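The residues making up each chain are set out below.
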Amino acid sequence: PEQLTNLADMVRERARTRGNAIAYEFEGRQTSFAEFDVKTNHVANALIALGVKPGERIAYLGKNSDIYFELLLGAMKAKVVMAPVNWRLAGPEVAFIVSDCKAPVLFVGPEFITQVRNIKAQLPDVRHVITTEGGAPEWQDFITCRDAVSGDDPKVPISPKDIAIQLYTSGTTGKPKGAMLSHANFLNLVQAGNEAEKPEWNKWSSDDVSLVAMPIFHIGGSGWGVMGLYHGAKGVIAREFDPTKVLDFFEQSGITKLFMVPAAMQFVVRQRRARQVDFSRLKYMLYGASPIPAALLKECIEVFKCGFVQLYGMTETTGTIVALPPEDHIEGLERMRSAGKALPGVELAILDPDGNRLPPRQVGEIATRSGSNMVGYWNLPNATAKTLGSDGWLRTGDAGYMDEDGYLYIHDRIKDMIISGGENIYPAEVESAICDHPDVAEAAVIGIPDDKWGEAVKAIVVMKPGKPATATDIINFARERIAGFKTPKSVDFMEALPRNPSGKILRRNLRDPYWAGKDRQVN
Ligand code: ATP
Ligand code: MG
C-alpha cells in the first residue's frame, strides 16, 4: 500500500482510487470519495476566506454528522486544527474550551444554538459563529459559506508533524486536556507494520461498512471515522448513540464493524433481547475505553456471534495501541481478562515510579512508545512534560502488568489507587468482586480518609430494582472473594453512579466530598 504523509493527501488519494465509492452516509445523504474531496476543498477555502490562519484552532459544538467530517478534513487541507467540543458539557465548560483554544470560528449544530447565544459574551476570540444545519438569523450558515468559495484544491503544504486535530481527553480523572494529534500520529497506526503482521480483524476491505456510533468529540468517534476513510470503506454516521437505531443500522446498512464502549454495548444487548435483528453481516465488534463486566461480554458474544476485539488506548495515543483479538476471547482462558497485545509499531513497558522497567507480572505504570504518541497537551506544558517524559515513553496513568507473552492486564487508574495500611488496592478489582453479587447492578470503590490506615476502602453500590441488600451482605460477599485488606470497610447505596459520556465512573466526584479540606496523596 502507498505511504501517505498527511490526511489531506489521504482524501485526495481516495478520490483518485475510489472516487465513485461511498465515503459516508448520514441520515439518507450519501457522499462519494470524489465528492468528499471537493467538499473538503470548499471548507478549506471557506476557512481561508474567513481569515483563519494555518495552525489556528476552530471549534465544533455539535452532534455527529457528515458535515463534521467535512469540516475536520477540510480544516486539515487549510492546515487549520479542528477542536471538537463535548456537547454534554455545561455552558461555562464549553466556553472554557472554546476560549482556551482561541478559536476564531465556532461551528454549531442545531441543538446548541441557544446554548451558544447564552455564552457568546464569554467567547471574545470567536469572530464567526456558523451554524451547520438550519440557521440562526444573526449568524452565517455553513452551506452559504461553503458555496461562496471555490472547490479547487487550495494546495496548502502540510507536513507529517502538523497537528491534525485537537481532541480533549474524557475528563475522567480531572479537567479535559487538549491532546494535539499530528498527521503522523494517525498514519503511524495504519501504516506501521506490513500486511502480514497486521491482525486479521484490523484488515479492512473496500466492502466493509463501519458504524460511527460513538461521539466525535472522543477518539472512539473521530479516530474511528478517520480510520474508515483511510481504508476506503463506507462509514455510516449515527447522529448520536441510540441502541434502537444501532440495531436498525445493522439491518438496513449492513454494518460489518463498529466500535462501542461497554456502557453502550449494555444498552444494545438489552434492546436485542426485545427484538429479533439480522446482524449476519456483522464481522467485528470492537470495544474498550473502560473495563467490561465479564457477564456483559459473555452475553454479547452469545448474542452477536461475531468476532470480538478489546481495544486499549487513550486520546493521547491517538486511540488503540493494544488489542485482544477474537481468538483470545475464550471462556476460562486467563487471557480473556487481558486487554491484549501491542499493535505493530507500538512498544509497551511497565515502569516503577523511578521509570525503571519491571519484569513480567509485576504491577506498575503502563508506558508506551510509538509514532502515535501525541505531540503534547495544548497550553499545558507541565502536564505535557509529566506525561511524555524525556525518554519517548508516554506515561498512561494506568496501572497494570504484562505476562511473559506480552499480554497486558489493566488494573486501574493510578490516581484512583487506594493505599490502605501500606497496601495498594485497585478499585476495579474490588468493584468486579462486588458486581458478581447477583443483586448488585453496579458498584464504585473509592478510598476515604482514615486515621489509622491512611485510606479506607468504601464501596458505593447500586442494587438491582426491588433487591434490598444490607451493607453487611455486601461486605461478607466481598470478604469471601478478595483479601481482607481489599474488602470494603463501609458501603453506601445510591440510585445511579456518576458517569461521563463514555460510561466511565467518575470516582473523583464520589471521593471529593470525603476529602474536603484534606490532602489526598497521589503517586
Ligand atoms: P482524562 O484523561 O481526562 O482523565 P480519560 O483518561 O478517561 O480522561 P480517554 O483518553 O478517553 O480519557 O480514555 C483513556 C483511558 O481509558 C485509559 O487511560 C484507560 O484508563 C481507559 N481505558 C481505555 N481502554 C480500556 C480498556 N480496554 N480497559 C480498561 N480501561 C481502558
Ligand atoms: Mg486519561
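Residues numbered from 1 in each chain as written. Chains lettered and ligands numbered in written order. Predicted model: local features only at pLDDT ≥ 70, side-chain atom pairs only at ≥ 80, totals over all residues. Heavy atoms only, no water.

Undergrad: Tell me about the sheet that holds strand β18 (residues 364-370), and name the residues and values.
TA: Reading across the sheet, the four strands line up as β17-β18-β20-β21 and stay open at both edges, with antiparallel pairing between neighbours. Strands at the two margins of the open sheet, each flanked by one partner only, are β17 (346-351) and β21 (408-413). Strand-to-strand twist in this sheet, taken as the mean axis angle between neighbours without regard to direction, amounts to 45°. Across four bridges, the pairing between β18 and strand β20 (residues 394-402) is antiparallel. Within β20, the position partnered with E365 by the bridge is A399. (Pairing = 2+ DSSP bridges. Helix = DSSP H or I, 4+ residues; strand = E, 2+ residues; numbered from the N terminus. Axes fitted to C-alpha atoms, helices over the stretch in contact; angles between N-to-C directions.)

Undergrad: If you had to explain the nonpolar core to someone new, which residues and values would you point to?
TA: Where a protein is soluble and globular, its nonpolar side chains tend to be buried together. If you look at the biggest cluster of nonpolar residues, it comprises 108 residues, and the most contacted ones within it are F250, M285 and F304. No other element matches the eight residues that helix α3 (residues 66-77) contributes to this core. Sequence-distant contacts of M285, that is, excluding residues within four places in its chain, are made with F250, L258, M260, M265, F304, C306, G307, F308 and V309. Counting 29 residues, the second largest nonpolar core, distinct from the first, contains V81, V126, W139 and W378. (Core = buried A, V, L, I, M, F, W, Y, C linked by side-chain atoms within 4.5 Å. Buried < 20%, exposed > 50% of the residue type's maximum accessible area, 1.4 Å probe, protein only. Contact = heavy atoms within 4.5 Å.)

Undergrad: Can you explain the side chain of D37? Please cite residues and give values.
TA: Locating D37 in the fold gives a position in helix α2 (residues 33-49). Apart from the residues lying within four places of it in its own chain, the contact partners of D37 are V11, R12, A15 and K77.

Undergrad: Which residues make up unusual backbone geometry, and what are the values?
TA: Residue K79 is not a glycine yet carries a positive backbone phi of 60°. One can find K79 in the loop between α3 and β4 (81-84). When its relative accessible area of 29% is taken as the criterion, K79 is described as partly exposed. Here T318, not a glycine, exhibits a phi torsion of approximately 60°, which is positive. Topologically, T318 is positioned in the loop between β14 (307-314) and β15 (319-324).

Undergrad: I'd like a description of the pattern of salt bridges, backed by residues and values.
TA: Two side chains that carry opposite charge are able to pair once their charged atoms sit near each other. Tallied over the entire structure, the rule returns 38 salt bridges. In this structure, D405 engages R335 in a salt bridge whose closest nitrogen and oxygen atoms are separated by 3.2 Å. Highlighted residues: D405 in the loop between β20 and β21 and R335 in the loop between β15 and β16 (341-342), separated in sequence by 70 residues. You can call D405 partly exposed: its relative accessible area is 44%. The class for R335 is partly exposed, based on a relative accessible area of 25%. D492 is the salt-bridge partner of K458, the closest N and O atoms lying 3.3 Å from each other. Of this pair, K458 sits in strand β25 (residues 454-463) while D492 sits in strand β26 (residues 490-493), and the two are 34 residues apart along the sequence. On the basis of relative accessible area, D492 is assigned to the partly exposed category, the value being 28%. Salt bridges sharing partners connect three or more residues here, namely D412, D416, E431, R507 and R511. (Salt bridge = Lys/Arg side-chain N within 4 Å of Asp/Glu carboxyl O.)

Undergrad: How would you explain the domain arrangement of the protein chain if you had to name every residue and give the values?
TA: As far as domains go, the protein chain holds domain 1 (1-158) and domain 2 (417-515). Each of domain 1 and domain 2 was reduced to a C-alpha centroid, and the two centroids are 43 Å apart. (Domains from an automatic or database assignment.)

Undergrad: Could you give an account of the site of ligand 1, with specific residues and numbers?
TA: Near ligand 1 lie 19 residues; those nearest to it are S170, T172, T173, T315 and D398. Here an oxygen atom of ligand 1 sits 2.6 Å away from a polar atom, N or O, in the main chain of G171. Residue T315 places a side-chain N or O atom 2.6 Å away from an oxygen atom belonging to ligand 1. For ligand 1, whose accessible area on its own is 630 Å², the fraction buried by protein is 93%. Secondary structure elements with two or more residues in the shell around ligand 1: β14 and β21. Here the shell around ligand 1 gets five residues from one element, more than from any other, and that element is β14. Residue composition of the shell around ligand 1, by class: six nonpolar, nine polar and four charged. (Near = heavy atom within 4 Å. Polar contact = N/O pair within 3.5 Å; in protein donor to acceptor, adjacent residues only side chain to side chain. Areas by Shrake-Rupley, 256 points an atom, 1.4 Å probe, with all protein chains shown as cover. Nonpolar A, V, L, I, M, F, W, Y, C, P; charged D, E, K, R; others polar.)

Undergrad: An account of the packing of α3 against helix α8 (residues 219-230) is requested, with residue identities and associated values reported.
TA: Relative orientation of the contacting elements α3 and α8 amounts to 80°, with a least axis distance of 12 Å. The orientation of α3 relative to α8 falls into the category roughly perpendicular. On α8, the residues touching Y68, F69, L72 and L73 of α3 are G221, S222, G225, V226 and L229. Here the residues of the contact of α3 with α8 are counted per class, giving six nonpolar, three polar and no charged. (Parallel < 35°, antiparallel > 145°, perpendicular 65-115°, else oblique.)

Undergrad: Kindly report on the side chain of S420, identifying the contributing residues and their values.
TA: Mapped onto the elements, S420 comes out in strand β22 (residues 418-420). Judged by relative accessible area, which is 10%, S420 ranks as buried. Once you skip the residues sitting within four places of it in the chain, S420 turns out to touch I425, W453, E455 and A456.

Undergrad: So what's going on with the environment of V98? Residues and values would help.
TA: On the secondary structure map, V98 appears in helix α4 (residues 91-100). Here the alpha-carbon distance between V98 and Y60, two residues 38 residues apart in the chain, equals 8.9 Å. If we skip the residues at most four places from it in the chain, V98 touches A59, V85, A103, L106, L123 and V126.

Undergrad: Residue-level account of helix α11 (residues 294-304), with values.
TA: Of the residues making up α11, those classed as buried are L296, L297, C300, V303 and F304. The buried residues of α11 occupy an angular sector of 135° when the element is viewed end-on, so they sit on one face. In α11, those exposed residues whose orientation departs by more than 90 degrees from the buried face are A294 and A295. Turning to α11, the residues buried within the fold contact α9 (243-253), α10 (262-273), β13 (284-288) and β14. (Arc of directions from axis to C-beta.)

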